[in-house]
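# Close look at the chain arrangement
Now for the letters of each chain:
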Amino acid sequence: MIIFKSKIRNQYLITNYKVMYSTLNKQDNIKRVTRGRCILKVITKYPHLSNVKFYLIVRNPFNRIESFYKDKFLKAEKHRLWMIDQGYKKNWQNSTEIFFPYLGLNTEMDPSFISKKLELVTFEQFISILPKVYMHNPHLWPQYFAKYIYLSISPFKIKIPFQFKETFRIESKPDLNRMATIFDIDLNKKMNTTQKIKRSIKWSDDAIETIQSLYDHDFKQFDYLNLPPYKS
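As a starting point, this report considers the structure included with it. (Residues numbered from 1 in each chain as written. Predicted model: local features only at pLDDT ≥ 70, side-chain atom pairs only at ≥ 80, totals over all residues. Heavy atoms only, no water.)

## Things to note about the packing of helix α3 (residues 61-74) against helix α9 (residues 205-214)
- The geometry of α3 relative to α9 is characterised by a closest axis approach of 10 Å and an angle of 110 degrees between their N-to-C directions. Between α3 and α9, the angle falls in the class roughly perpendicular. Where α3 crosses over α9, the two elements pack in a sense that is right-handed. Counting all contacts with α3, which are made through P61, F62 and I65, the residues of α9 involved are I208, I211 and Q212.
- Of the residues contributing to the contact of α3 with α9, the split by class is 5 nonpolar, 1 polar and no charged. (Axes fitted to C-alpha atoms, helices over the stretch in contact; angles between N-to-C directions. Helix = DSSP H or I, 4+ residues; strand = E, 2+ residues; numbered from the N terminus. Parallel < 35°, antiparallel > 145°, perpendicular 65-115°, else oblique. Left-handed = near helix turned anticlockwise from the far one by under 90°. Contact = heavy atoms within 4.5 Å. Nonpolar A, V, L, I, M, F, W, Y, C, P; charged D, E, K, R; others polar.)

## Some points on the sheet that holds strand β4 (residues 53-58)
- Pairing within the open sheet is mixed, and its 5 strands lie in the order β3-β1-β2-β4-β7. Two strands bound the open sheet, and with one partner strand each, they are β3 (30-33) and β7 (164-169). Across the sheet, the mean angle from the axis of one strand to that of its neighbour is 25 degrees, orientation sign disregarded.
- Note that strand β2 (residues 11-15) and β4 share 4 bridges and pair parallel. (Pairing = 2+ DSSP bridges.)

Given below as structure tokens:
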């Protein structure tokens, strides 16, 4: 999960990668905080000793997966150059590297060659690999994971649920407007958008079934129809 805190109020906004993360990360009135900082807030809220408020923002799983594919595959070279410009020491994020073994790639290869190979990966091919890797990186984890904080206190593992005041869906304009008001943020600051990529994504029946299976809890818990938006 990714956690942002209002700079002026005792409230937190929880999200996942590929769910407005880049846009939220550039806001002036919220700041990213560590998971550990929230643990005490969560614990103290249960006996009602704190006035802290938690909010969650989610995205249709189909849209989220499309965005990941466009960003990490169709924009592979542009994304790699952006990372270098931002001061990253690696050419590739782990979220991209986890696909390499299934594509005959490795990090020792020429980065430009890898970019070209990634940009040639079809959406169907990408979806076929997804079940093997989606649990290996938070960019692809189910979003309902963000509803809990997991503590390891040897030899025990404790799962503590957040008590969310509201859940916002980014496809809902009223939800976004309310979130912007509550957290004093400017949603016109859109970062890392993949909307300019015009290549259309075609969802086969097999691809739809894969996403329905992998993200079943997301569809149910956040009340999304488990079909791609253009088929709903």
